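Now for the letters of each chain:
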Amino acid sequence: KAGVTQTPRYLIKTRGQQVTLSCSPISGHRSVSWYQQTPGQGLQFLFEYFSETQRNKGNFPGRFSGRQFSNSRSEMNVSTLELGDSALYLCASGRAQKETQYFGPGTRLLVL
Amino acid sequence: DQQVKQNSPSLSVQEGRISILNCDYTNSMFDYFLWYKKYPAEGPTFLISISSIKDKNEDGRFTVFLNKSAKHLSLHIVPSQPGDSAVYFCAAKIDSNSGYALNFGKGTSLLVTP
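Just so it is clear, the structure is predicted and the values come from calculations on it, not from any experiment. (Residues numbered from 1 in each chain as written. Chains lettered and ligands numbered in written order. Predicted model: local features only at pLDDT ≥ 70, side-chain atom pairs only at ≥ 80, totals over all residues. Heavy atoms only, no water.)

## A closer look at the sheet that holds strand β8 (residues 74-78) of chain A
All names here are of chain A. Strand order across the open sheet formed by four strands is β1-β3-β8-β7, with antiparallel pairing between neighbours. The open sheet terminates on both sides in strands that have one partner only, identified here as β1 (5-7) and β7 (64-68). Taken over all neighbouring pairs, the strand axes of this sheet differ in orientation by 20° on average, direction set aside. As paired strands, β7 and β8 are joined by five bridges and run antiparallel to one another. The residue of β8 that forms the bridge with G66 is M76. (Pairing = 2+ DSSP bridges. Helix = DSSP H or I, 4+ residues; strand = E, 2+ residues; numbered from the N terminus. Axes fitted to C-alpha atoms, helices over the stretch in contact; angles between N-to-C directions.)

## Regarding the sheet that holds strand β7 (residues 62-67) of chain B
Residue and element names in this part refer to chain B. Strand order in the open sheet made by the five strands is β1-β3-β8-β7-β6, with antiparallel pairing throughout. Lying at the two open borders of the sheet, with one neighbouring strand each, are β1 (4-5) and β6 (56-59). With six bridges connecting them, strand β3 (residues 19-25) and strand β8 (residues 72-77) associate as antiparallel partners. Paired with S19 across the bridge in β8 is I77.

## Description of the interface of chain B and chain A
Contact with chain B, which involves 20 residues of that partner, is made by 23 residues of chain A. The junction of chain B with chain A conceals about 1,800 Å² of combined surface from both sides, 53% of it contributed by carbon and sulfur atoms. Looking only at chain B, the three residues that lose the most surface to chain A are P44(B), Y100(B) and F104(B), adding up to 31% of its buried area. There are zero salt bridges connecting chain B and chain A. (Contact = heavy atoms within 4.5 Å. Buried area = accessible area lost by both parts, 1.4 Å probe. Salt bridge = Lys/Arg side-chain N within 4 Å of Asp/Glu carboxyl O.)

Take a look at the structure:
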């Protein structure tokens, strides 16, 4: 069974630009969560989607948004990029609320 | 506000010995706890979990202990192997809530030396 895939793996953007990251969950998984990992703050929860609905949201500004499609694939968008948005963005998928979530390899975003 | 804390950024242990990784939490609503392991350039990999109704859970060489009154959990690895060298993250969630939002600690880097 294929794992969680994230594209692209690496990305370089400049301040003020916007970026879209993609996540394909494990087949059969309907929950997709996004996390930001930085050296200073560690792993922080961004948001979670289940059956195309945002179910939970972390404490991030409105520049961070996401969506989930009917095939459970998810995208995350960051608008008006700031230097501090440079991070590893991780996606995790799970079958349901009580099930373990499995992480993808992440997208490394560098904002110059 | 960091609700899950791993106060030791790094730990070095000899092969064959026990590795003990510690984690403290502040939110008394947390009732489900997990440990993940992360290698460089990979996403975190689930290791073991424990519900607040238990105080111990074992899976092979890995055992997690939960002390609810102290809001403390620990991961024991026995015996430690060089392949266990990785960053270990403790995570917590409120299981009764709908959804899946994990609160992570900042991680402990474990080095197991031959």
